[in-house]
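The primary structure of each chain is shown beneath.
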Amino acid sequence: GPNVVTTLLRSAFQLSLASFANVCRWASVRGSLPQPIVVFFVSIALTCAPRGKRILSGGVTLLALRSVAEALHGYIYGDNGWEDDPDHLYYDDDDGVEGNGGNAKGRDDASPDEGAQRRGHRRNSSPYPGA
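As for the packing of aromatic side chains
- With the rule as written, the count across this model stands at 1 aromatic pair.
- Consider the rings of F40 and F41, whose centres lie 5.4 Å apart with planes at 75 degrees: the pair is edge-to-face.

Shown next, in the form of structure tokens:
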């Protein structure tokens, strides 16, 4: 009946909106280029493009914004923070600080593994506590 069609249309709209948000988050490179700016420019590109070129225009705009965001990310953070799940992040139970590798004394020359091994801890593969 009508409820099935309405539910199907609402679900399709929610899925497309969530997909659009995820793609825009990808293009913003961890917030280096604010996501509202990405959404604005992609929306403008999709709205203003000719009928047969909308997907191409949106895709090119996304890639261009991603390139700008990566350049900004590199300028702001340098070589740090490029991996989604860096190996050196984990939760240390002794000092309660995430990601310092058990290096509570602040030694810059100690590796994350060295700090954990010095205290007899095994390294957790997840950066989240309790995972």
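Notes on the pattern of salt bridges
- Tallied over the entire structure, the rule returns 1 salt bridge.
- For R66, the salt bridge is made with E70, and the minimal N-O distance between the two is 2.8 Å. Taken together, the positions of R66 and E70, both in helix α3 (residues 54-77) and 4 residues apart, correspond to about one turn of that helix.
- With relative accessibility at 18%, the residue R66 sits in the buried group.
- What makes E70 partly exposed here is its relative accessible area of 32%.

Some remarks on the packing of helix α2 (residues 35-48) against α3
- Two elements in contact, α2 and α3, have axes whose closest approach is 8 Å; the angle formed by their N-to-C orientations is 155 degrees. Looking at the two axes, α2 sits roughly antiparallel to α3. Where α2 crosses over α3, the two elements pack in a sense that is right-handed. Where α2 abuts α3, its residues V38, F41, V42, A45, L46 and T47 lie against R54, S57, G58, T61, L62 and L65.
- Here the contact of α2 with α3 is composed, by residue class, of 7 nonpolar, 4 polar and 1 charged.

A short note on the confidence of the model for the protein
- In this model, the protein carries a mean pLDDT of 75, and residues with pLDDT of at least 70 account for 60%.
- Across residues 89-93, confidence stays below pLDDT 50; counting only partners more than four residues off in sequence or on other chains, it has 23 contacts.
- Note that pLDDT drops below 50 for residues 100-108; the model gives that stretch 20 contacts with residues more than four away or on any other chain.

Topic: unusual backbone geometry
- Located in the positive-phi region is V29, a residue other than glycine, with phi close to 50 degrees.
- With respect to the element layout, V29 can be found in the loop between α1 (2-27) and α2.
- Since its relative accessible area comes to 1%, V29 is described here as buried.
- In this structure, R30 is a non-glycine residue whose phi angle is positive, near 55 degrees.
- Relative to the assigned elements, R30 resides in the loop between α1 and α2.
- Relative accessible area serves as the criterion here: at 42%, R30 is assigned to the partly exposed category.

Describing the side chain of S28
- Within the secondary structure, S28 sits in the loop between α1 and α2.
- Its relative accessible area of 3% is what places S28 among the buried residues.
- Excluding residues within four positions of it along the chain, S28 makes contact with L33, Q35, V38 and A69.

Rules used throughout
Residue indices follow the written sequence of each chain, beginning from 1 at its first position. Per-residue local features of the predicted model are confined to residues with pLDDT of at least 70, and side-chain atom pairs are confined, for both listing and counting, to 80 or more; whole-chain, interface and lining totals are unaffected and use all residues. Here the side-chain values reflect all heavy atoms present in the structure, with hydrogen atoms and water set aside. Aromatic rings from Phe, Tyr and Trp, with only the six-membered ring used for Trp, were paired whenever their centres fell within 6.5 Å, and each pair was classed as stacked if the ring planes differed by under 30 degrees, edge-to-face if by over 60, and tilted otherwise. Basic side-chain nitrogens of Lys or Arg form a salt bridge, by our definition, when they fall within 4 Å of a carboxyl oxygen of Asp or Glu. Secondary structure elements are taken from DSSP: a helix is a run of H or I of four residues or more, a strand is a run of E of two residues or more, and numbering for both begins at the N terminus. Exposure classes here rest on a 1.4 Å probe applied to the protein chains alone. A residue is buried below 20% of its type maximum, exposed above 50%, and partly exposed in between. The angle between two axes is taken between their N-to-C directions and runs from 0 to 180 degrees, where each axis is a line fitted to C-alpha atoms and a helix contributes only its stretch in contact. Working rule for angles: under 35 degrees goes down as roughly parallel, over 145 as roughly antiparallel, 65 to 115 as roughly perpendicular, anything else as oblique. It is the rotation of the near helix from the far one that decides the hand of a crossing: anticlockwise by less than a right angle makes it left-handed, clockwise makes it right-handed. Whether two residues are in contact is decided by their heavy atoms: any pair within 4.5 Å suffices. Each residue is assigned to one of three groups, with Ala, Val, Leu, Ile, Met, Phe, Trp, Tyr, Cys and Pro labelled nonpolar, Asp, Glu, Lys and Arg labelled charged, and all others, Gly among them, labelled polar. Values of pLDDT, which run from 0 to 100, indicate the predictor's confidence residue by residue.

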